[in-house]
Amino acid sequence: MSDTTVKLTDAQIRRRMLAEFWFYFSRNRGAVIGLCVFVTLVLMAIFADLIVPHDPTLQYRGMEKLPPVWEAGGNPDFWLGTDAVGRDMLSRLIKGSQYSMFIGVVVVSIALLGGVVIGLVAGFFGGWVDVLIMRVMDVILAFPSLLLALVLVAILGPGLTNAMIAIAIVYQPHFARLTRAAVMSELKRDYVSAARVSGAGNIRLMFRTILPNCLGPLIVQATLSFSSAVLDAAALGFLGMGARPPAAEWGTMLAEAREFILSHWWIVTFPGLAILISVLAINLMGDGLRDALDPKLKRS
Amino acid sequence: MFRFILSRLLYLVPTFFGITLVTFTFPRLLKGDPVLLMAGERGVSPERHAELTAQLGLDKNIVVQYFDFIGRLFQGDFGNSLVTKKPVLSEFLTLFPATVELGLVAILIAILVGVPIGVLAAIKRGSWFDQVSMSAALVGFSMPIFWWGLLLIIFFSGTLGWTPVSGRISLMYFFPDVTGFMLIDSLISGQKGAFLSTVHHLILPSVVLATIPLAVIARQTRSAMLEVLGEDYVRTARAKGMPARRVIGVHALRNAMIPVVTTIGLQIGVLLAGAILTETIFSWPGIGKWMIESISRRDYPSVQSGLLLMAGIVMLVNLLVDLTYGLINPRIRK
Amino acid sequence: MKLLSRSLIAASALALSAAAPAMAKTFIYCSEASPEGFDPAPYTAGTTFDAGAHPMFNRLAEFKKGTTEVEPGLAESWDVSEDGTEYTFRLRKGVKFHSNDKYTPTRDFNADDVIFSFDRQGNAENPWHQYIPGITYEYYTSMAMPDLVKSVEKVDDYTVKITLNQPEAPFLANIAMPFMSIVSKEYADALDAAGTREEFNNAPIGTGPFKFVAYQKDAVIRYTKNADYWGTPAIIDDLVFAITPDAAVRLQKLKAGECHLMPYPAPADIAGIKADSNLKLDEQAGLNVGYLAYNTTLAPFDNPKVRKALNMAINKEAIVATVFEGQAEPAKNPIPPTMWSYNESIVDDPYDPEASKKLLEEAGVSGLSMEIWAMPVQRPYMPNARRTAEMMQEDLSKVGVKAEIVSYEWGEYLDKSMEPGRTGAVILGWTGDNGDPDNFLSVLLSCAGAAPGGANRAFWCNEDFSALLQKAKVSSDPAERTKLYEEAQVIFKDQAPWFTIAHSTQYVPMSNKVSGFVMSPLGDFTFETVDIAE
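Each chain carries its own residue numbering, running from 1 in the written order of its sequence. Both sets of labels track the order of writing: A upward for chains, 1 upward for ligands. In view of the model being predicted, local features appear only for residues whose pLDDT reaches at least 70, and side-chain atom pairs are presented and counted only at 80 or more, with totals across whole chains, interfaces and linings using the full set of residues.

Chemist: Run through the overall build of chain B, naming residues and quoting values.
Modeler: Secondary structure follows DSSP: runs of H or I at least 4 residues long count as helices, runs of E at least 2 residues long count as strands, and numbering of each begins at the N terminus. Helices and strands together make up the secondary structure of chain B, namely 13 helices and zero strands. Ordered by position in the sequence, the α and β elements of chain B form the string α-α-α-α-α-α-α-α-α-α-α-α-α. Here the C-alpha coordinates of chain B stretch approximately 85 × 55 × 40 Å along the principal axes. Out of the 334 residues in chain B, the part that is buried amounts to 46%. Nonlocal contacts in chain B, meaning residues at least 24 apart in sequence, comprise 74% of its contacts between residues at least 6 apart. For every residue, the other C-beta atoms within 10 Å of its own C-beta are counted; 20 or more classify it as buried, 12 or fewer as exposed, and values in between as partly exposed. C-beta atoms are placed from the backbone. By the criterion used throughout, residues are in contact when their C-beta atoms, derived from the backbone, lie within 7 Å.

Chemist: For the overall build of chain C, give the residues involved together with the corresponding values.
Modeler: Of the regular secondary structure elements, chain C holds 20 helices and 19 strands. If you line up chain C on its principal axes, its C-alpha atoms span 80 × 55 × 40 Å. A total of 534 residues make up chain C; the buried ones form 53% of that total. Of all intrachain contacts in chain C linking residues separated by at least 6 positions in sequence, the fraction that spans at least 24 positions is 69%.

Chemist: Break down the nonpolar core for me, with residues and values.
Modeler: Among the nonpolar cores identified, the biggest contains 329 residues, and Leu147, Leu150 and Ile167 of chain A together with Ile427 of chain C are the most heavily contacted of them. Among the elements that line this core, the one with the most residues is helix 4 (residues 89–125) of chain A, at 16 residues. Counting only domains with at least three residues in this core, you end up with domain 1 (1–83 + 297–334) and domain 2 (89–288) of chain B. Ignoring any residue separated from it by four or fewer positions in sequence, one finds Leu147 of chain A in contact with Leu272, Ala273, Ile276, Met291 and Met310 of chain B. Of all hydrophobic cores here, the second largest spans six residues; its members include Ile169, Phe174, Met182 and Ala194 of chain B. Think of a nonpolar core as buried Ala, Val, Leu, Ile, Met, Phe, Trp, Tyr and Cys residues chained together by C-beta atoms that fall within 7 Å. Where a domain begins and ends is set by an automatic assignment or by a domain database.

Chemist: Mind laying out the packing of helix 4 of chain A against helix 7 (residues 160–187) of chain A, listing which residues take part and the relevant values?
Modeler: All names here are of chain A. At a closest axis distance of 6 Å, the pairing of helix 4 and helix 7 adopts a crossing angle of 40°. On the basis of the axis angle, helix 4 is oblique to helix 7. The two elements helix 4 and helix 7 meet at a crossing, and its hand is right-handed. Axis definition: a line fitted to C-alpha atoms, over the contacting stretch in the case of helices. Angles run 0 to 180 degrees between N-to-C directions. Angles below 35 degrees are treated as roughly parallel, those above 145 as roughly antiparallel, those between 65 and 115 as roughly perpendicular, and all remaining angles as oblique. Each crossing gets its hand from how the near helix is turned against the far one by less than a right angle, where anticlockwise is left-handed and clockwise is right-handed.

Chemist: Can you tell me about the domain arrangement of chain B, naming the residues and giving the values?
Modeler: Domains assigned within chain B are domain 1 (1–83 + 297–334) and domain 2 (89–288). Tallied by class, the residues present in the side of domain 1 of chain B that touches domain 2 of chain B amount to eight nonpolar, six polar and no charged. Nonpolar residues are Ala, Val, Leu, Ile, Met, Phe, Trp, Tyr, Cys and Pro. Charged residues are Asp, Glu, Lys and Arg, and all others, Gly as well, are polar.

Chemist: Just give me the short version of the interface of chain C and chain B, but keep the residues and values in it.
Modeler: Chain C puts 46 residues into the contact, and the matching count from chain B is 45 residues. The class makeup of the residues in the side of chain C that touches chain B is 23 nonpolar, 12 polar and 11 charged.

Chemist: Let's hear about the interface of chain B and chain A: which residues, and what values?
Modeler: Tallying the contact residues gives 35 residues for chain B and 34 residues for chain A. Every element with two or more residues in the side of chain B that touches chain A is listed here: helix 1 (2–29), helix 6 (128–141), helix 7 (145–159), helix 11 (244–282), helix 12 (287–296) and helix 13 (300–328) of chain B. With seven residues, helix 1 of chain B is the largest single contributor of residues to the side of chain B that touches chain A.

Chemist: Outline the environment of His503 of chain C, supporting the account with residue identities and numerical values.
Modeler: Structurally, the position occupied by His503 of chain C is in strand 17 (residues 498–511). When the C-alpha atoms of His503 of chain C and Thr338 of chain C are compared, they prove to be 9.9 Å apart, with 165 residues separating the residues in sequence.

Chemist: With reference to specific residues and values, describe the pairing of strand 7 (residues 159–164) of chain C.
Modeler: Each regular strand displays side chains that alternate between the two surfaces of the sheet. Residue and element names in this part refer to chain C. Residues Val160, Ile162 and Leu164 point to one face of strand 7 and are all buried, whereas Thr159, Lys161 and Thr163, pointing to the other face, are not buried. Two strands make a pair as long as DSSP finds a minimum of two bridges between them. The pairing of strand 5 (residues 86–91) with strand 7 spans five bridges and is antiparallel. Residue Thr88 lies in a different strand from strand 7, and its bridge partner there is Lys161. Looking at chain direction, strand 6 (residues 149–156) and strand 7 are connected through six bridges and run antiparallel. Each residue of the ladder has a partner; that of Glu153, found in strand 7, is Lys161.

Chemist: Can you lay out helix 9 (residues 185–194) of chain C for me, pointing to particular residues and giving the numbers?
Modeler: Residue and element names in this part refer to chain C. Buried within helix 9 we find Lys185, Tyr187, Ala188 and Leu191. Taken end-on, helix 9 shows its buried residues confined to a sector of 160°, consistent with a single buried face. Facing away from the buried side of helix 9 by more than 90 degrees, the exposed set consists of Ala193 and Ala194. On its buried side, helix 9 packs onto helix 5 (111–122) and helix 10 (199–202). In the stretch just after helix 9, Gly195 is the one whose phi turns positive, near 70°. Relevant arc is that of directions from the helix axis to the C-beta atoms, nothing else.

Chemist: Run through the sheet that holds strand 5 of chain C, naming residues and quoting values.
Modeler: All names here are of chain C. One open sheet holds the four strands; their spatial order is 4-5-7-6, and the pairing between them is antiparallel. Edge positions in the open sheet fall to strand 4 (75–80) and strand 6, since each of these has one partner strand only. Sheet twist, expressed as the mean angle between neighbouring strand axes with direction ignored, is 20°. Running over the sheet, helix 5 touches strand 5, strand 6 and strand 7 and is turned about 160° from strand 6.

Chemist: Lay out the packing of helix 5 (residues 127–142) of chain A against helix 1 of chain B with the relevant residues and their values.
Modeler: A pair of packed helices is characterised by two quantities: the angle between their axes and the separation of those axes. Following both chains from N to C, one finds helix 5 of chain A and helix 1 of chain B inclined at 60°, their axes separated by 9 Å at the closest point. In terms of orientation, helix 5 of chain A and helix 1 of chain B fall into the oblique class. Once helix 5 of chain A is placed against helix 1 of chain B, the crossing between them reads as right-handed. On helix 1 of chain B, the residues that touch Arg135, Val136, Asp138, Val139 and Ala142 of chain A of helix 5 of chain A are Pro14, Thr15, Gly18, Ile19 and Val22 of chain B. Residue classes in the contact of helix 5 of chain A with helix 1 of chain B are distributed as six nonpolar, two polar and two charged.

Chemist: Hey, could you go over helix 4 (residues 62–74) of chain B for me, with residue numbers and the actual values?
Modeler: A rise of 1.5 Å per residue sets the reference length of helix 4 of chain B, with its 13 residues, at 18 Å; its end C-alpha atoms lie 19 Å apart and thus fit the reference within 8%. Immediately beyond the C-terminal end of helix 4 of chain B, within one or two residues, lies Gly76 of chain B, with a positive phi of roughly 80°. In a helix, the anticipated span is given by 1.5 Å times the number of residues less one.

Chemist: Describe the sheet that holds strand 1 (residues 26–31) of chain C, with residues and values.
Modeler: Pairing between sheet strands relies on hydrogen bonds along the backbone, with the strands arranged either parallel or antiparallel. All names here are of chain C. In space, the four strands of this open sheet follow the order 1-10-9-8, with mixed pairing throughout. For this open sheet the edge positions go to strand 1 and strand 8 (210–216), each flanked by a neighbour on one side alone. The average undirected angle you get between the axes of adjacent strands in this sheet is 20°.

Chemist: So what's going on with unusual backbone geometry? Residues and values would help.
Modeler: Going from Ala299 of chain C to Pro300 of chain C, the amide bond is cis rather than trans, its omega being 0°. With respect to the element layout, Pro300 of chain C can be found in the loop between strand 12 (288–293) and helix 13 (304–313). Even without being a glycine, Lys85 of chain B presents a positive backbone phi close to 65°. With respect to the helices and strands, the residue Lys85 of chain B is situated in the loop between helix 4 and helix 5 (88–123). With a phi angle near 50°, Phe459 of chain C is a residue other than glycine that sits in the positive phi range.

In structure tokens, the structure reads:
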């Protein structure tokens, strides 16, 4: 059997894997839409300062609480109207994408990095190290995540950086557990013993040999965490524990807008809509990724 | 079976101590001095400050404070709130039924709506129903519920005037608390319309709280069903000419329910977190809102015991799920 | 309606004694927060007093409704000795305490109750001083009562003599405050015997116009009319507090007819309320002030010229219009215009960036950068400090002053803003306790207040100003006191330790059916005079 297969170089294998991944991913219409929206959001975030029609922090005196342009009393200079102190809603929403993307990236990076290292250590060394680490993870997971994040933010002091750290701490046990489980099952495989026999060191074994083989579930978990992070950061902002005003973070905007819920609907509606759309896009993408990366689902 | 339960319980002991350590330490790391918060703009003289700190027991060695805390825990004493000066446990217990009621109704909605949708979507895979319901589920799953709650209030309470804005029952009705569950108490009271009023007040908050669990359950049920429907024994049953309804009802659904039960159990934590937001929006007198207030007032004993009790509840529910899982699926027990 | 009256009767045996009225009037108040407890002495929040001290208790002296004047309450009259240190109170006879299903008083209110009410707060040896573990009497302490009151003696059952350590003009206003509510000694003894002391706080017994019925935590408080009230009994039969923390939700409930009256509407909603034909809106200048306090001990802010210059750079009118949405009066004095001795003749520093620049040049200050501290919470005197700070920042940049906005968590903010070396100018404010100018000026601007534990956040210590206050404090002649306080305000304006921002207006929206509600300049909500039309 083995002599019939053509020897492929690493690059070729990688290319083939990517092609296969894209084949399954692109079959999922939702995932492609999600990807498009997500790319748009990322571009918007990167070029936010260039494309905003107004300075998002500039207060136009006398222009407070203008309705969107299609409503009576709207001003064509402010497409989506203005907020309580006369700042352009559209510009603030665009600027807000920067915050949300930033939050997602930072939270996922910290949680992923921390979780993977912890999980690798626990899974690889086993014994009391494993028991201790996993008990600590159990403790973290025993608290409702938003509540724990709230308390952590209250300790660290309200603010965007601290909110991100708090959310990352709350998320990292998921990555740790996932990695640990993957490591434990991979350790029994032949290729690991083979690598061991050929004299690979622990660190090399962990990162070069085992880690690449449990990437799939980690990527899926990372996407999920990205969307949850955007959502939780907004919730913290809404409860007054996230980004500080005048930051144009969507949740914070929503919190500031709460008093206008019955009088000026657009100040309340748009930031929430922005959160929903970005979270939805990422989740759509996540679904596509899961289907494309999970071999079991591929068959069905 | 007994050994299985016992081993699970023993497994929880270190976690529990970890939790007490966390719940004890965290509130003490909070910035902001409760004595100063009580004094407000007025300020407090250094002597008086020292006096009050001592009175609150905050001047003792931190280790001594921890063992005090553990010791009193085992006597069922969770300390007194710094704000109301009342025992934290009694405050928690007065508010807890409101949260439980809201949570139970929400999870009930989520199951009763989510499971059938999931099953139907799986059976009619690829149909318009499948596509619409699963898209809706994904939207629900992505929903910032604090915003969703506000939107529903604007529309149903503001524009249409159909639902009350907040509270658990119309103030027209007044009866003593028997169980703390308004649905039960209103029935016991025998007052005409009281039960309906309670239901009326529960609708919006429970729908908001149910949104995410419903989406998760619907998605999970669908994929579990799909998996089971593809299994050999279902195919065999089908091939044997068993009516489709029986195949789905008897074989597929029962087996598909195993992962769904786990999912439902995992939603408890989600519900408690959601309760924080939902209760804040709807002025629902439950523990979620109480925790937020306690944190912002730096009410150490309330924060610490509230965290402990909530973590304890999550832990217990997880244990129950574990045990149920063991019951449904004997393979796990060994 | 019928249903309600029946259930109330079933719930409270008290109502059985009175013939059930055909049309029981129930008044619903959407209150903004839960009371911390019902005992008026250990707590400091206005909400707690609205739920406890005001409906259910009385004081020896009371504030006349709608004013800050003191009138007789449970004391029918009083004499003050020549030197102003001895007060003799003659108590009202035939005043009945409430009863509930576990307790019925056997005697009327008398001197023992007065002595108990003072002693339990001031005397640490009193067995009721710590009837709940961890309890403290913050108001009693912070109004300096322990240093002030030398003794409280019973002359006979209906006469009490209070001796002070030094003459103090605001004393009568102090004892009219909620924390000095008279509680029942007999009830305390009965609870002692039953071993249920905490009921003193949970099931309160007072002499006030309403009796306690039930409290569902964070949801509803119910009261019923006290038919045996010594004063004019309440018009409504039942009083209900529906606890609704969110302002938008409160308004929604008011509009839906789920309550009759609400406190603290969101500024954004005022216009809508005015336009609603089913609602009416009472308004009154609040007994408060919002300010920006410079650190007057730190260069260059120790120079009055610099402070004046900065004051002239900030557009006060714009802040009032935007942040307060016009619902405030621009402030020129440290005390509000509703308070006696408010100095009308003072002229505010004009908004004039050019003059400001010139003044800064004269003072030899250029390229100044400073911090503005914005508190993180909303207070009655300041709807949004952050927004205010942002506007100040922009105004200051126009005169070449670079301002950075700083904020801390609330408790930390209060603490750090009182640290002597503080670098920034701090936004804060004050709401009056008892309507006496001393309660603003001494607390916020005297030399004594600048010490640790005080509340003088400008750290401003002007000998002349403080001397005037001291003279006014020991004088019992209102005309003389007025003159002294007016003079003090002149010094204040000249030295400019603060940028005075605004006195925010208090609004009370209510249903058109409500009549007889009297707004209190002290911000209290009381309901014995209200009526509702069917």
